[in-house]
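# Coordinates in review
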Amino acid sequence: MPETRPAPLSEASRQALIAVRDSAYAPYSRHPVGALLVAESGQHYLGCNVESANFKGLCAEAGAISAMIAQGEREIATLYVIGPGEHLCTPCGDCRQRIREFATPETVIVVLDGNGAPLRHYTMEQLLPDSFGPENLPPS
Ligand SMILES: [Zn+2]
């Protein structure tokens, strides 16, 4: 079994995560979400949800992954997700597949409460068991 203890979130990172959550554009759902992605390099990437009037918004996790990819990185070490309140704000199904694309067996996904305190953490296999991935496709 891979080690699944999440890396501790520094106070500065907790504050950055709360700030990016509070920057979310979520006028329709009123459910702001922030994501802080720690790549394999140790570099941090932030994302927040961005909604639109046609109800096809972008999730916070997707924004953080896009920022990571834009910098040429491809592996998620730890992904922290913060919602607006005390309830679990786990990644949606779409995001689970998106995270899975860049996850390793050691990747940890940490769901925080509204103040940035960890509520639960998961491996990718726990969030998306028996998932479909690049190895399920024929070699090119
Ligand atoms: Zn999502």
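The rules behind the values
Think of each chain on its own: its residues are numbered from 1, step by step along the sequence as written. Thresholds applied to this predicted model are a pLDDT of at least 70 for local features of residues and 80 or more for the giving and counting of side-chain atom pairs; totals over whole chains, interfaces and linings are not thresholded and use all residues. As a rule here, side-chain values cover all heavy atoms of the structure and leave hydrogens and water aside. UniProt positions are given in the numbering used here, feature names are shortened, and annotations may be inferred rather than shown by experiment. Each helix is a run of H or I in the DSSP string that is no shorter than four residues. Each strand is a run of E no shorter than two, and both are numbered from the N terminus. Our radius of gyration is a C-alpha quantity, and the globule rule it is checked against amounts to 2.2 Å times the number of residues to the power 0.38. Each residue is placed in one exposure class: buried if its accessible area under a 1.4 Å probe, protein chains only, is under 20% of its type's maximum, exposed if it is over 50%, and partly exposed if it falls in between. Throughout, a residue-residue contact means that at least one pair of heavy atoms, one from each residue, lies within 4.5 Å. Every accessible area reported is derived by Shrake-Rupley at a probe size of 1.4 Å, with residue values counting cover from the shown protein chains alone. Under the convention used here, Asp and Glu are negative, Lys and Arg are positive, and both His and the chain ends fall outside the count. In this description, the location of a charge corresponds to atom NZ of lysine, CZ of arginine, CG of aspartate or CD of glutamate. In plain words, nonpolar cores are sets of buried Ala, Val, Leu, Ile, Met, Phe, Trp, Tyr and Cys residues tied together by side-chain atoms within 4.5 Å. Excluding water, the donors of a metal are its N, O and S neighbours within 2.8 Å, or within 3.2 Å for Na, K and Ca, and that exclusion means sites may look incomplete.

Where an unreviewed UniProt entry is consulted, the protein appears under the name Cytidine deaminase, with the organism given as Chromohalobacter canadensis. One UniProt comment on the protein, placed under Cofactor (unreviewed entry), says "Zn(2+)". Entered under Sequence similarities (unreviewed entry) in the UniProt record, the comment concerning the protein runs "Belongs to the cytidine and deoxycytidylate deaminase family."

## Here's the deal with the overall build of the protein
Scanning the protein for helices and strands turns up four helices and five strands. Overall, the protein shows an N-to-C arrangement of helices and strands of α-β-β-α-β-α-β-β-α. Relative to a compact globule of 140 residues, whose C-alpha radius of gyration would be 14 Å, the protein shows 14 Å and is just as compact. Dimensions of the protein along its principal axes, counting C-alpha atoms only, are 45 × 35 × 30 Å. Going through the 140 residues of the protein one by one, you find that 43% of them count as buried. By sequence separation, contacts in the protein at least 24 residues apart represent 62% of the contacts at least 6 residues apart. Carbon and sulfur atoms make up 54% of the accessible area of the protein, which amounts to about 7,600 Å² in all. Positive and negative charge centroids in the protein, built from 10 and 16 side chains respectively, lie 6 Å apart.

## Here's the deal with the nonpolar core
Grouped together as the largest cluster of nonpolar side chains are 22 residues, with contacts concentrated most on Leu37, Met68, Ile76, Leu79 and Ile99. Listing elements by their share of this core, those giving two or more residues are β1 (34-39), α2 (60-70), β3 (76-82), α3 (93-101), β4 (108-112) and α4 (124-127). Top element by residues in this core is α2. It accounts for four residues. Core analysis: the next-biggest nonpolar cluster, separate from the first, contains 12 residues, Val20, Ala24, Ile82 and Val110 among them.

## Focus on the UniProt feature "domain: CMP/dCMP-type deaminase" (unreviewed entry) in the protein
Under the UniProt annotation, the feature "domain: CMP/dCMP-type deaminase" (unreviewed entry) is placed at residues 8-135. Split by type, residues 8-135 is 28% helix and 23% strand. Its first and last C-alpha atoms lie 31 Å apart.

## Digging into the coordination of the zinc ion
Around the zinc ion, the protein contributes the donor atoms Cys59 (SG), Cys92 (SG) and Cys95 (SG), at 2.3 Å from the metal centre. Here the donor residues of the zinc ion are spaced in sequence according to C-x32-C-x2-C. For Cys92, a relative accessible area of 31% corresponds to the partly exposed category. What makes Cys95 buried here is its relative accessible area of 0%.

## A few points about unusual backbone geometry
Here Phe55, not a glycine, exhibits a phi torsion of approximately 60°, which is positive. Looking at the secondary structure, you find Phe55 in the loop between β2 (44-48) and α2. Here Phe55 falls in the exposed class, since its relative accessible area comes to 66%. In this model, Asp130 sits at a positive phi of 50°, which is unusual for a non-glycine residue. Along the chain, Asp130 falls in the segment after α4. Taking the relative accessible area as the measure of exposure, Asp130 reaches 73% and is therefore exposed.

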